[in-house]
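One-letter residues, chain by chain:
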Amino acid sequence: MECLHCAKHFHDDWKHAQISNSAWYASITRCPACNESIIKITDNIMGKSYIGYPQLPPGRTRVDLKNIPDDVANDYKEACAVIPVSSMAAAALARRCLQAILRNQGYNHRDLVQQIKGVLEETDSRKSLPQSLFDSVDAIRNFGNFSAHPMNDITTLQVIQVEPHEAEWCLEIVEELFDYYYNRPAVAAAKKAALNDKLKAAGKPAALGGLAESADQSLNHPQKSQ
């Protein structure tokens, strides 16, 4: 399993102890990499029936969110927190993240499936996704028979049956979109600002185009592979 503290993978070895004389058990395993404990409450001694019950720590936030809008970041953090106990709830929150991300990029369809269709059919090369991300976003429509549900503003958080790996993959795609739409432009802007500071110190005009602008565009809009 993946450690909820340090994200290292390890072979989990759960120890179980009955809580007083109840039907509940506390199950604990320890990560050998960071030596931190992971605890869950189960209703059988094998520690397998725990859906809906507490797990400590909750799912961790896996990426830096400093460039991410608060509303999107909050839904993402909540999805990370619930994925250990409910992949369906995590997938619903991840879909809402995706809807907000695409809306922020100008895809204002009320139906999330139509938003995805809009970004996949984008004809503006400056906004089109790189091929690897294009394929991942396209795949979301198949999660849990996702396309059979309207997923508009009201129903985006509808809980749909999904496989655990589908919820995890959906979060990974959201993280890729964070990098593409928010982090890369922030890095490009910081580099451009640093270059302009140097030019200003040298008594030269700011770089408003040319090489600096080309670098900015390449970060924001990498070309699709053929």
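Residues numbered from 1 in each chain as written. Predicted model: local features only at pLDDT ≥ 70, side-chain atom pairs only at ≥ 80, totals over all residues. Heavy atoms only, no water.

**Student:** Please give an account of the overall build of the protein that cites residues and values.
**Tutor:** A tally of regular secondary structure across the protein gives six helices and four strands. Counting across all 226 residues of the protein, residues that qualify as buried make up 38%. When the accessible area of the protein is evaluated, it comes to approximately 12500 Å², of which 53% is carbon and sulfur surface. (Helix = DSSP H or I, 4+ residues; strand = E, 2+ residues; numbered from the N terminus. Buried < 20%, exposed > 50% of the residue type's maximum accessible area, 1.4 Å probe, protein only. Areas by Shrake-Rupley, 256 points an atom, 1.4 Å probe, with all protein chains shown as cover.)

**Student:** Can you explain the packing of helix α3 (residues 112–120) against helix α4 (residues 131–140)? Please cite residues and give values.
**Tutor:** To characterise two packed helices, one gives the angle between the axes of the helices and the distance between these axes. Where α3 meets α4, the closest approach of the two axes is 10 Å, and the angle between their N-to-C directions is 160 degrees. Comparing their axes, α4 and α3 come out roughly antiparallel. Along this stretch, α3 crosses α4, giving a crossing that reads as left-handed. Together, I116, V119 and L120 of α3 and F134, V137, D138 and I140 of α4 make up the contact between the two elements. Among the residues forming the contact of α3 with α4, the class breakdown is six nonpolar, no polar and one charged. (Axes fitted to C-alpha atoms, helices over the stretch in contact; angles between N-to-C directions. Parallel < 35°, antiparallel > 145°, perpendicular 65-115°, else oblique. Left-handed = near helix turned anticlockwise from the far one by under 90°. Contact = heavy atoms within 4.5 Å. Nonpolar A, V, L, I, M, F, W, Y, C, P; charged D, E, K, R; others polar.)

**Student:** Account for the pairing of strand β1 (residues 15–18), naming residues and giving values.
**Tutor:** By the bridge criterion, four bridges tie β1 to strand β2 (residues 25–30) in an arrangement that is antiparallel. Paired with A17 across the strands is A26, a residue of β2. Hairpin connection from β1 to β2: six residues lie between these consecutive antiparallel strands, with S20 at a positive phi of about 55 degrees. (Pairing = 2+ DSSP bridges.)

**Student:** Pulling in residues and values, what's your account of the nonpolar core?
**Tutor:** Of all hydrophobic cores here, the largest spans 38 residues; its most connected members are V137, F178 and Y181. Sorting the residues of this core by element identifies α1 (70–82), α2 (87–104), α3, α4 and α5 (164–201) as the ones contributing at least two each. At 10 residues, the largest contribution of residues to this core is made by α5. With sequence-adjacent residues up to four places away left out, F178 is seen in contact with V63, L65, I68, V72, Y76, I101 and N183. (Core = buried A, V, L, I, M, F, W, Y, C linked by side-chain atoms within 4.5 Å.)

**Student:** Go over the packing of aromatic side chains, please, and point to the residues and values.
**Tutor:** Inspection of every chain in the model, using the stated rule, returns three aromatic pairs. Taking the centre distance of 5.1 Å and the plane angle of 70 degrees together, the rings of Y180 and Y181 count as edge-to-face. Take Y180: its relative accessible area is 4%, and that puts it in the buried class. Joined through ring pairs, the aromatic side chains of Y76, F178 and Y182 make up one cluster. Taking the ring centre of Y107 as reference, the NZ or CZ of K127 above it sits at 4.8 Å. (Phe/Tyr/Trp six-rings, centres within 6.5 Å; stacked < 30°, edge-to-face > 60°. Lys NZ or Arg CZ within 6 Å of the ring centre and 35° of its normal.)

**Student:** Requested: an account of the environment of I39, with residues and values cited.
**Tutor:** Following the sequence through the fold, I39 ends up in strand β3 (residues 37–42). In this structure I39 comes out as partly exposed when scored by relative accessible area, which is 31%. Between the C-alpha atom of I39 and that of A26, which follows or precedes it by 13 residues, the distance is 7.0 Å.

**Student:** Report on the packing of α2 against α3, specifying residues and quantitative values.
**Tutor:** Following both chains from N to C, one finds α2 and α3 inclined at 50 degrees, their axes separated by 10 Å at the closest point. The angle between the axes of α2 and α3 places the two elements in the oblique class. Read as a crossing pair, α2 and α3 show a hand that is left-handed. Residue-level contacts link R95, L98, Q99, L102 and R103 of α2 to L112, Q115, I116 and V119 of α3. Its residues assigned to classes, the contact of α2 with α3 shows five nonpolar, two polar and two charged.

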